[in-house]
Amino acid sequence: MGIIVAIIIFGIIVTVHEFGHFICAKLSGIKVIEFSVGMGPKLLQKKKGETAYSLRLLPVGGYCAMEEDIESDDPRNFRKAKLWKRVIVLAAGAFNNFVLGFIMIAILICTLSGVPTNTVSGFVGVRNDDGTATYYAESYNTGLRKQDKIIRMDGTRVYSNLDINFLLASGKDTFDLVVVRDGEKVELPNVRFHDNYYKEVEGTDSGGVYDFGLVYNKKNPLTVIKGSGDIFMSMSHIVGLSLKQLVSGEVSKDDVSGPVGVVSAISETTAQSKGLLDTISSNAYMTALITINIGIMNLLPIPGLDGGRLLFCLIEFVRRKPVKPEHEGYVHLAGMVLLFGIMIFATYNDIVRLVTGG
């Protein structure tokens, strides 16, 4: 069941991405030869007008093939379109990924009891007989207070509770915070959290609350949209931080994962879900994270990706003339070879983890 869900999720993400290229190309008057969901051998194909619509065997990609033959005299050739039209067509795939991510986050929030924020609701402690409270939370004892809105941790911007979870999961237990308190920014150096702030403090009756809790707002259209935007920014931020950690060596190359690993993660998440609502929630989260990741990756200035092609558009804008198509083609070919090699490496890592249970 989990594998079927993973295939459906991949199919939705790819279709949404390629549809962005497709619809903008059509609206721009650019000739689309084929719109394909999946890669490899054709399972189904139907031609309508000038465009063939295909479903292919391998659900690991897809494409929107436009008329780009450098020897073609067709006035609707992609290369003959105005620069601004080409930029829109190239960026439309990632834009659609971001829209899908936002929608999935909104669905996720609608399954929760409230809209999560990055404002502190309280701390681990006990109520004394005289009405005062004794706090066991290390974050309280090192400066954090109720109703503080956490906006930075060690200089890293915090958009939502997701950023807080990500940073606390890094293994650090002490951070320099910037919070908004009573409408003003306050710096809190060396705020300490429990080594695992999800673990209840031994010897205390925390009643299910851990080192600290966060405020959850009531759900209404405005709070859901605001909360979705905050979590969208957090997911984008976390993807960027993860890429930075990978490049800097903070994350091992052995942790790189590919399609097999993603399918395995989705399958495991689906299997562990309890009930329909939990399944919807967990898979909405996974879909949002994957589609935002794909959107950002596609915009990176890497040859062979949309971002690489956008880079050549920028070069054309600066030079006032395009790079020779054959030269650009060589660069994108080299990029595709590199990306294919990375994909093989990531898939090898996934298989090793599946076999060893790592």
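Residues numbered from 1 in each chain as written. Predicted model: local features only at pLDDT ≥ 70, side-chain atom pairs only at ≥ 80, totals over all residues. Heavy atoms only, no water.

Side note on the overall build of the chain
Item 1. The secondary structure content of the chain amounts to 9 helices and 10 strands.
Item 2. Counting every atom, the chain has about 19800 Å² of accessible surface; 62% of that belongs to carbon and sulfur. (Helix = DSSP H or I, 4+ residues; strand = E, 2+ residues; numbered from the N terminus. Areas by Shrake-Rupley, 256 points an atom, 1.4 Å probe, with all protein chains shown as cover.)

Regarding the packing of aromatic side chains
Item 1. Taken as a whole and judged by the stated rule, the model has 8 aromatic pairs.
Item 2. Taking 5.9 Å as the distance between ring centres and 70° as the angle between the ring planes, the aromatic pair formed by F22 and Y53 counts as edge-to-face. Taken as a pair, F22 in helix α1 (residues 2–27) and Y53 in strand β2 (residues 51–66) lie far apart in primary sequence, 31 residues in all.
Item 3. Arranged with centres 6.1 Å apart and planes meeting at 65°, the rings of F175 and F193 form a pair that is edge-to-face. With F175 in strand β8 (residues 174–181) and F193 in the loop between β9 (184–192) and β10 (212–217), this residue pair connects regions lying 18 residues apart in the sequence. Of the two residues, F175 and F193, both sit in the buried class. (Phe/Tyr/Trp six-rings, centres within 6.5 Å; stacked < 30°, edge-to-face > 60°. Buried < 20%, exposed > 50% of the residue type's maximum accessible area, 1.4 Å probe, protein only.)

What about a positive patch on the surface?
Item 1. A contiguous patch of positive charge, built from K149, R152, R157 and K185, is present on the exposed surface.
Item 2. Summarising the element assignment, R152 is placed in strand β6 (residues 149–153).
Item 3. Residue classification places R152 among the partly exposed positions, given a relative accessible area of 33%. (Patch = residues over 30% accessible without salt bridge, like charges linked within 9 Å, V, L, I, M, F, W, Y side chains within 5 Å. Salt bridge = Lys/Arg side-chain N within 4 Å of Asp/Glu carboxyl O. Lys, Arg positive; Asp, Glu negative; His and termini not counted. Charge placed at Lys NZ, Arg CZ, Asp CG, Glu CD.)

Observations regarding the nonpolar core
General note: in soluble globular proteins, nonpolar side chains tend to be found buried as a group.
Item 1. With 22 residues, the main nonpolar core has I105, I109, I231, M235 and I292 as its most contacted residues.
Item 2. Those elements giving two or more residues to this core turn out to be α1, α2 (83–110), α5 (221–248) and α7 (275–299).
Item 3. Element by element, the count of residues in this core is highest for α2, at 7 residues.
Item 4. In contact with I109, not counting residues within four places along its chain, are G114, V115, K219, V224, G227, S228 and I231. (Core = buried A, V, L, I, M, F, W, Y, C linked by side-chain atoms within 4.5 Å. Contact = heavy atoms within 4.5 Å.)

A look at a nonpolar patch on the surface
Item 1. On the surface, a cluster of nonpolar side chains totalling about 630 Å² of accessible area is made up of M39, L43, L44, L55, L57, L58 and V60.
Item 2. Among the secondary structure elements, those contributing two or more residues to the nonpolar patch are β1 (32–48) and β2.
Item 3. The element contributing the most residues to the nonpolar patch is β2, with 4 residues.
Item 4. Considering the arrangement of structural elements, one finds L57 in strand β2.
Item 5. Assessed through its relative accessible area of 47%, L57 is described here as partly exposed.

Re the side chain of S160
Item 1. Relative to the assigned elements, S160 resides in the loop between β7 (156–157) and α4 (161–168).
Item 2. Note on S160: relative accessible area 2%, which makes it buried.

Remarks on the side chain of S72
Item 1. In this fold, S72 is placed in the loop between β2 and α2.
Item 2. From its side chain, S72 meets the backbone nitrogen of D74 in a polar contact 3.1 Å long.
Item 3. Setting aside residues no more than four positions away along its own chain, S72 makes contact with E67, N77 and K80. (Polar contact = N/O pair within 3.5 Å; in protein donor to acceptor, adjacent residues only side chain to side chain.)

Things to note about the packing of α2 against α7
Item 1. One way to put it is that α2 packs onto α7 with a least axis distance of 8 Å and a crossing angle of 160°. Of the possible angle classes, the one that applies to α2 and α7 is roughly antiparallel. Crossing angle aside, the handedness with which α2 passes α7 is left-handed. Every residue of α7 that contacts α2 at A94, N97, F98, L100, G101, M104, I105, I107 and L108 is listed here: I280, S281, A284, Y285, T287, A288, T291, I292, I294, G295, I296 and L299.
Item 2. The residue makeup of the contact of α2 with α7, split by class, is 15 nonpolar, 6 polar and no charged. (Axes fitted to C-alpha atoms, helices over the stretch in contact; angles between N-to-C directions. Parallel < 35°, antiparallel > 145°, perpendicular 65-115°, else oblique. Left-handed = near helix turned anticlockwise from the far one by under 90°. Nonpolar A, V, L, I, M, F, W, Y, C, P; charged D, E, K, R; others polar.)

Considering the environment of I30
Item 1. For I30, the position within the fold is in the loop between α1 and β1.
Item 2. In this structure I30 comes out as buried when scored by relative accessible area, which is 1%.

Considerations on the confidence of the model for the chain
Item 1. The predicted model of the chain averages 85 in pLDDT, with 85% of residues at 70 or higher.
Item 2. Confidence drops under pLDDT 50 across residues 196–209; counting only partners more than four residues distant or on other chains, this segment forms 20 contacts. (pLDDT = per-residue confidence, 0-100.)

Here we look at the environment of L44
Item 1. Summarising the element assignment, L44 is placed in strand β1.
Item 2. Apart from residues lying up to four places away in sequence, L44 is in contact with Y53, S54 and L55.

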